[in-house]
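Residue-level structural notes
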Amino acid sequence: MNNTEQTLSIIKPDAVERNLENEIKQMFKDKGFQIIREKKIQIEKSEAESFYKVHETKPFYNDLCAYLSSGPIVVMVLEKENAVVGNRELMGATNPKDALDGTIRKKYGISIDKNSVHGSDSPENAKIEINFFFKD
Ligand code: CMP
């Protein structure tokens, strides 16, 4: 059965800073993702806190929000059959040192904080996260 989905992807400051935007977009396209919407922005720390609210009790929350707002990011809506799971596979494990060959985080991630990309973890959160950045 056809299950075309959309998911939110963020190219994080460490990757934008190293000019990896085009390489990472190409990895998505090579796996059959269509980039439906995209914009390069820099967000306020308060916006990062709102975006990552699900992590607010975690010890890394403050650093995470400071980091996501520390420089330009590229936010994208990706579309494909089963896009949420497919994006998580292509990103690889949260910690780049655990990520498999061929994944974005294995190739470009520096550390668990500077892990180059974010992707929605469920179809429900994908809708919430897409709406967070693309309201219209
Ligand atoms: P991301 O997929 O953007 O979701 C939350 C982020 O928190 C995660 O990627 C990591 O970059 C960051 N993070 C920092 N420390 C941890 C940790 N111990 N466990 C999970 N995520 C962490």
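First things first, this report covers the structure right here in the doc. (Residues numbered from 1 in each chain as written. Predicted model: local features only at pLDDT ≥ 70, side-chain atom pairs only at ≥ 80, totals over all residues. Heavy atoms only, no water.)

Let's shift gears to the site of the ligand. Surrounding the ligand, one finds Lys12, Tyr52, His55, Phe60, Leu64, Thr94, Arg105, Ile112, Asp113, Asn115 and His118. Here Ile112 contributes a backbone N or O atom positioned 2.6 Å from an oxygen atom of the ligand. Burial of the ligand by the protein chains amounts to 77% of its free accessible area of 460 Å². When grouped by side-chain class, the residues that make up the shell around the ligand number four nonpolar, four polar and three charged. (Near = heavy atom within 4 Å. Polar contact = N/O pair within 3.5 Å; in protein donor to acceptor, adjacent residues only side chain to side chain. Areas by Shrake-Rupley, 256 points an atom, 1.4 Å probe, with all protein chains shown as cover. Nonpolar A, V, L, I, M, F, W, Y, C, P; charged D, E, K, R; others polar.)

What follows deals with the sheet that holds strand β4 (residues 117-119). Spatial strand order, β2-β3-β1-β4: four strands in an open sheet with antiparallel pairing. The outermost strands of the open sheet, each flanked by one partner alone, are β2 (34-41) and β4. Taking each pair of neighbouring strands and ignoring which way they run, the sheet shows an average axis angle of 20°. The pairing of strand β1 (residues 4-11) with strand β3 (residues 73-81) spans eight bridges and is classified as antiparallel. The residue of β3 that forms the bridge with Thr7 is Leu78. Sheet contacts for helix α2 (residues 21-30): β1, β2, β3 and β4; angle to β3, the most-contacted strand, approximately 10°. Against the sheet, helix α7 (residues 123-133) contacts β1, β2, β3 and β4, and its axis sits at roughly 55° relative to β1. (Pairing = 2+ DSSP bridges. Helix = DSSP H or I, 4+ residues; strand = E, 2+ residues; numbered from the N terminus. Axes fitted to C-alpha atoms, helices over the stretch in contact; angles between N-to-C directions. Contact = heavy atoms within 4.5 Å.)

Once that is clear, we can look at the pairing of β3. Bridge analysis of β2 against β3 gives seven bridges, and the strand direction is antiparallel. Opposite Lys40, over in β3, you have Val74 as the bridge partner.

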